[in-house]
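# Reading the structure
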Amino acid sequence: DFPILSEQVHGHPLVYLDNSATTQVPSQVLDAVANHYRTSNANVHRGMHYLAHASTDALEHAREVVARFVNAPSVDCVVFTRGTTDGLNMVARGLSHLLQPGDAVVVSRLEHHSNYVPWQQACFSCGARFEVADLTPEGDIDEEDYARLLSAGNVKIVAMTGCSNVLGTVTPVARLARMAHEAGALFVLDGAQIMRHGVVGMQSLGVDYLAFSGHKMMAGTGIGALAGTREALEELEPRDFGGEMVDKVTAARTTWEELPLRLEAGTPNYVGAIALGAACDYLSALGREDIAAYEASLVDHAEAALGEVEGLHIAGSPKERAGLVSFTIDDVHPLDLCTLVDARGVALRSGHNCAQPVLEWLGATSVARLSPAFYNTPAEIDYAVEQISRAAKMLHTARRRG
């Protein structure tokens, strides 16, 4: 299903283990995109001709598929966005009218910058407190510290990840959301890293908002969705203004369309949305529970294999880890390591992974990250670990000679 995985990289078979950053796209999704452009392409929600109706129907069918995939309250509670970052910024900007001096927003130290900086900036502009829940020594959210922050009062919003993109920590979302609601706060879930690792249902989790990206779940880039309860989405002030999101425009006043259009200004990425719907169908057909179980076994295998590499330190030891294993090696810079293994066809990630607060907690400025998907195999992980060990020895030798 994934033609790119047959590619050769520097004369070696591609071993793609950077799935936490971006997954590859199956032929079924590629075909859906090509077929739409070949047979049904036209702007949506505007024209009265055949292609306009066909394109609009395809977009709204995709919205229905995504709504089922995330168990949204209704189909019009799914807003298409450019991705997780766009969705989280939409919520942070859209809720800023709720914040005033003395109020607080709580995030955790696990957060990706896209679920940290927008809230920090919202608090700075409104004079609200920006609070960060700390971590346990293992890398889980410190729930006692979280409870302490909630008990301080006037917490209006809690924004947390479902899975850390550095430690792989799976957070107890349902419990954290319940605690937030008991404190009178809205709960925003960054779902970027969790959509492939199980059945994520926003109603069962009890969250008010769920943002996620297509490019981490077998769709293309530049597309994602923000799902929410109707009450929560209606609380958002529109961030973008223009075509299709308005009801009536006069010199005196402009009124907004109903959900979801009021939050989708301009021509949407309707082909991207169609791809996202096709990806949801693809994952559902494979079996989301089966995908989660197999990927969990790959992560366990990777953690055990990496643990045998001399001088290697795995980042964190959370109660539940999903999707990835990050690590450092004594006297080896992650960038150098990932550059050398790339020469052998292995794709890993190096850097701070847009999550500097948790890197600071680790006492590191950079990590290497191995993140498998269901199309990977234990043999590929073994090969990658072999190349990691080989590269580390080469770098240690060069260091001694230098």
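Note: the structure precedes this text.
Presented here is a report on the structure given in the accompanying data block. Computed from a predicted structure; not experimentally measured.

## Description of the overall build of the chain
A tally of regular secondary structure across the chain gives 13 helices and 17 strands. With the C-alpha coordinates of the chain rotated into their principal frame, the extents come out at 75 × 55 × 40 Å. A total of 402 residues make up the chain; the buried ones form 54% of that total. Contacts spanning at least 24 positions in sequence make up 71% of the contacts within the chain whose residues lie at least 6 apart. Carbon and sulfur atoms provide 50% of the accessible area of the chain, an area that totals close to 16,800 Å².

## A look at the pattern of salt bridges
Pairs can form between side chains of opposite charge whenever their charged atoms are close. Throughout the structure, instances matching the rule amount to 17 salt bridges. With a shortest N-O distance of 3.6 Å, Asp18 and Arg369 are connected by a salt bridge. A residue pair is termed long-range when its members are at least 10 positions apart, and Asp18 in the loop between β3 (15-16) and α1 (27-39) and Arg369 in strand β17 (residues 367-370) qualify at 351 residues. With a relative accessible area of 1%, Arg369 lands in the buried category. Ionic pairing is found between Arg129 and Glu131, a salt bridge with its closest N-O pair at 3.1 Å. Overall, Arg129 belongs to the partly exposed group, its relative accessible area being 27%. Given a relative accessible area of 23%, Glu131 falls into the partly exposed group. Salt bridges here are not isolated pairs; linked through shared partners, they connect Arg82, Asp86, Arg239 and Asp240.

## As for helix α4 (residues 117-126)
Residues of α4 that are buried include every one of Pro118, Trp119, Ala122, Cys123 and Cys126, and no others. Looking straight down α4, one finds its buried side chains confined to an arc of 135°; they lie on one side. More than 90 degrees from the buried face of α4, the exposed residues found are Phe124 and Ser125. Phi turns positive, to about 80°, at Gly127, one or two residues after α4.

## A closer look at the layout of surface pockets
Any space left empty among the atoms is revealed by the rolling of a water-sized probe across them. Size it by volume and the largest pocket reaches roughly 330 Å³. As for the largest pocket, its lining consists of 26 residues, and the residues nearest its centre are Thr84, Thr85, His112, His215 and Lys216. Per-element tally for the lining of the largest pocket: the top contributor is helix α3 (residues 84-94), with three residues. Tallied by class, the residues present in the lining of the largest pocket amount to five nonpolar, 14 polar and seven charged.

## What to know about the sheet that holds strand β14 (residues 325-329)
Here we have four strands laid out as an open sheet, ordered β13-β14-β17-β16, and antiparallel in their pairing. The two strands at the open ends of the sheet, each matched to only one other strand, are β13 (312-314) and β16 (349-351). Averaged over all adjacent pairs, the angle separating strand axes in this sheet is 30°, with direction ignored. Summarising the sheet, β14 and β17 pair through three bridges and their orientation is antiparallel. When the bridges of β17 are listed, Phe327 appears paired with Ala368. Lying over the sheet, helix α13 (residues 378-401) contacts β13, β14 and β17, oriented at roughly 20° with respect to β14.

## Comments concerning the pairing of strand β6 (residues 129-133)
Relative to β6, strand β5 (residues 104-108) runs parallel, the two being bridged by five bridges. The residue of β6 that forms the bridge with Val105 is Phe130. With α4 bridging β5 and the parallel β6, this β-α-β connection has right-handed handedness.

## Here we look at the packing of α1 against helix α9 (residues 270-286)
Following both chains from N to C, one finds α1 and α9 inclined at 145°, their axes separated by 9 Å at the closest point. The two elements α1 and α9 cross, and the hand of that crossing is right-handed. Touching Gln28, Val29, Ala32, Val33, His36 and Tyr37 of α1 are Tyr270, Val271, Ile274, Ala275, Ala278, Ala279 and Tyr282, all from α9. For the contact of α1 with α9, the residue count by class is 11 nonpolar, two polar and no charged.

## Concerning a negative patch on the surface
A cluster of acidic residues, Glu231, Glu234, Asp247 and Glu258, forms a negative patch at the surface. When you line up the elements, Glu234 lands in helix α8 (residues 230-235).

## Quick notes on empty space enclosed by the protein
By the definition in use, this model includes three cavities of 30 Å³ or more. The volume enclosed by the largest cavity comes to roughly 70 Å³. In terms of lining residues, the largest cavity is bounded by Asn19, Ser20, Ala192, Gln193, Ile194, Met195, Arg196, His197, Lys216, Met217 and Gly323. Of the residues in the lining of the largest cavity, the class split is four nonpolar, five polar and two charged.

## Some thoughts on the nonpolar core
Core analysis: the biggest nonpolar cluster contains 73 residues, and Phe80, Tyr146, Val158, Met160, Phe187, Phe212 and Leu276 have the highest contact counts within it. Broken down by element, the residue count for this core peaks at 10 residues, all from α9. The contact partners of Leu276, leaving out residues within four places of it in the chain, are Val66, Phe80, Phe212, Gly214, Met217, Ala219, Ile223, Gly224 and Ala225. Core analysis: the second largest hydrophobic core is formed by 29 residues, Leu88, Val105, Ala128 and Phe130 among them.

The rules behind each value
Residues numbered from 1 in each chain as written. Predicted model: local features only at pLDDT ≥ 70, side-chain atom pairs only at ≥ 80, totals over all residues. Heavy atoms only, no water. Helix = DSSP H or I, 4+ residues; strand = E, 2+ residues; numbered from the N terminus. Buried < 20%, exposed > 50% of the residue type's maximum accessible area, 1.4 Å probe, protein only. Contact = heavy atoms within 4.5 Å. Areas by Shrake-Rupley, 256 points an atom, 1.4 Å probe, with all protein chains shown as cover. Salt bridge = Lys/Arg side-chain N within 4 Å of Asp/Glu carboxyl O. Arc of directions from axis to C-beta. 1 Å grid on protein atoms, 1.4 Å probe; cavity = no way out; pocket = protein on both sides within 12 Å on 5 of 7 lines; lining within 4 Å. Points joined across faces, edges and corners; volume = space filled by probe spheres on them. Nonpolar A, V, L, I, M, F, W, Y, C, P; charged D, E, K, R; others polar. Pairing = 2+ DSSP bridges. Axes fitted to C-alpha atoms, helices over the stretch in contact; angles between N-to-C directions. Right-handed = clockwise from strand over helix to strand, strands pointing away. Left-handed = near helix turned anticlockwise from the far one by under 90°. Patch = residues over 30% accessible without salt bridge, like charges linked within 9 Å, V, L, I, M, F, W, Y side chains within 5 Å. Lys, Arg positive; Asp, Glu negative; His and termini not counted. Charge placed at Lys NZ, Arg CZ, Asp CG, Glu CD. Core = buried A, V, L, I, M, F, W, Y, C linked by side-chain atoms within 4.5 Å.

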